[in-house]
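Remarks on the overall topology
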Amino acid sequence: MSDAHNEQQSAIKTPKQLLAAVAGFFLVTVIGIILLVQFVTAQKLTGAGTESQSPEAIAERLSPVANAGFTFKDASGPKVLQSGEAVYTATCVACHGAGVAGAPKFGDAGSWSARLAQGYDTVLKHAIEGLRAMPAKGGNPDLDDVEVARAVVYIANASGGKFKEPEVPAPAAAADGAGAPAAEPAK
């Protein structure tokens, strides 16, 4: 058997060379960490959270919700009816804007012609009660029938229809128990 097969060749042959290699490795590692820390901390940090304790940021976080553009709605107050365009933009555009589930697209006279030929009352009935994939009132049960009618007229007229804007029913006059109008309070 030959000892030539069992010999290992290494660049480090003495303990002094081993000590120098280990010290060099640690020195290079420490210098690398120092340079990395210098690189990271040399620039002023910008981004989320850097101005979070400024007086302006604190005042903005503590300001009332009403100042952020939200409007509160009085649930007991009289309902303000939306225009046809507003109802379309808020509810109907989700399907009629892109033709989802076979819905006729807004402004496409070809796809609306057969529906408009059925007449205003039929189109309005389908819009209020729903038809095939379309839910009643377009999926917004908070809509008043007059708002749905306005939206039908808006969509139909943009698609070649000639429907007249629906009349808003007058609110019932306040009356006392005798049937006569209530008297105005003295000023």
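Below is a short write-up of the structure.

1. A closer look at the overall build of the protein chain
- When helices and strands are counted, the protein chain shows 6 helices and 0 strands.
- Reading the protein chain from its N terminus to its C terminus gives the helix and strand order α-α-α-α-α-α.
- Every one of the 187 residues in the protein chain was classed for burial, and the buried ones make up 17%.
- A separation of at least 24 residues holds for 47% of the contacts in the protein chain among residues at least 6 apart in sequence.
- Surface exposure of the protein chain reaches about 14500 Å², of which carbon and sulfur atoms provide 62%.

2. Things to note about the environment of Val-148
- Its location among the elements puts Val-148 in helix α6 (residues 145-158).
- Since its relative accessible area comes to 5%, Val-148 is described here as buried.
- It is 10.0 Å that separates the C-alpha atoms of Val-148 and Thr-91, two residues lying 57 residues apart in sequence.
- Sequence-distant contacts of Val-148, defined by excluding residues within four places in its chain, comprise Leu-124, Ala-127, Ile-128, Lys-137 and Leu-143.

3. Side note on the packing of helix α3 (residues 84-96) against α6
- Two numbers describe how α3 lies on α6: the axes approach to 8 Å, and their chain directions differ by 90°. The angle between α3 and α6 places the two elements in the roughly perpendicular class. Touching Gly-84, Glu-85, Val-87, Tyr-88 and Cys-92 of α3 are Glu-147, Arg-150, Ala-151, Tyr-154 and Ile-155, all from α6.

4. Brief notes about the packing of helix α5 (residues 120-129) against α6
- Between α5 and α6, the least distance of the axes is 10 Å, while the angle of their chain directions is 125°. Our classification of the angle between α5 and α6 gives oblique. The handedness of the crossing between α5 and α6 is right-handed. Contact with α5, carried on its side by Tyr-120, Val-123, Leu-124, Ala-127 and Ile-128, involves Asp-145, Val-148, Ala-149, Val-152 and Val-153 of α6 and no other residues of that element.
- Its residues assigned to classes, the contact of α5 with α6 shows 9 nonpolar, no polar and 1 charged.

Reading the values: rules and limits
- Residues numbered from 1 in each chain as written.
- Predicted model: local features only at pLDDT ≥ 70, side-chain atom pairs only at ≥ 80, totals over all residues.
- Heavy atoms only, no water.
- Helix = DSSP H or I, 4+ residues; strand = E, 2+ residues; numbered from the N terminus.
- Buried < 20%, exposed > 50% of the residue type's maximum accessible area, 1.4 Å probe, protein only.
- Contact = heavy atoms within 4.5 Å.
- Areas by Shrake-Rupley, 256 points an atom, 1.4 Å probe, with all protein chains shown as cover.
- Axes fitted to C-alpha atoms, helices over the stretch in contact; angles between N-to-C directions.
- Parallel < 35°, antiparallel > 145°, perpendicular 65-115°, else oblique.
- Left-handed = near helix turned anticlockwise from the far one by under 90°.
- Nonpolar A, V, L, I, M, F, W, Y, C, P; charged D, E, K, R; others polar.

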